Amino acid sequence: MKILLNGKARRCVFCKHWYDPTNAAIEPAFGKGMWRVDAAMKNKCLIKNILKLATGGVCNEFVSKF
């Protein structure tokens, strides 16, 4: 399922610690700073060493990849 998110949202999919080197979970959408996000995708959090959903909440270690 794809959802639309603002690039400034503090979600795992926008964190540089969420392992997605090819950015396969996101694609640009209409409007400045808007992204289509694959909400069902899971990847490993390199800080916590666990699988997290792309739309998961963030921790204190959030660092934007943009």
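Analysis parameters
Residues numbered from 1 in each chain as written. Predicted model: local features only at pLDDT ≥ 70, side-chain atom pairs only at ≥ 80, totals over all residues. Heavy atoms only, no water. Pairing = 2+ DSSP bridges. Helix = DSSP H or I, 4+ residues; strand = E, 2+ residues; numbered from the N terminus. Salt bridge = Lys/Arg side-chain N within 4 Å of Asp/Glu carboxyl O. Buried < 20%, exposed > 50% of the residue type's maximum accessible area, 1.4 Å probe, protein only.

J.: How would you explain the pairing of strand 4 (residues 42-45) if you had to name every residue and give the values?
T.: A regular strand places its side chains on the two faces of the sheet in alternate fashion. The pairing of strand 4 with strand 5 (residues 50-53) spans four bridges and is antiparallel. When the bridges of strand 5 are listed, Lys 44 appears paired with Leu 51. Hairpin connection, strand 4 to strand 5: the antiparallel pair is bridged by four residues, and Asn 49 has positive phi, about 60°.

J.: Mind laying out the pattern of salt bridges, listing which residues take part and the relevant values?
T.: With the rule as written, the count across this model stands at two salt bridges. With a shortest N-O distance of 3.3 Å, Lys 2 and Glu 27 are connected by a salt bridge. Here the residue Lys 2 occupies a position in strand 1 (residues 2-6), and Glu 27 occupies one in strand 2 (residues 26-28), the gap between them amounting to 25 residues. Judged by relative accessible area, which is 46%, Lys 2 ranks as partly exposed. The exposure class of Glu 27 is partly exposed, given its relative accessible area of 33%. Through salt bridges with shared partners, one network takes in Lys 2, Glu 27 and Arg 36.

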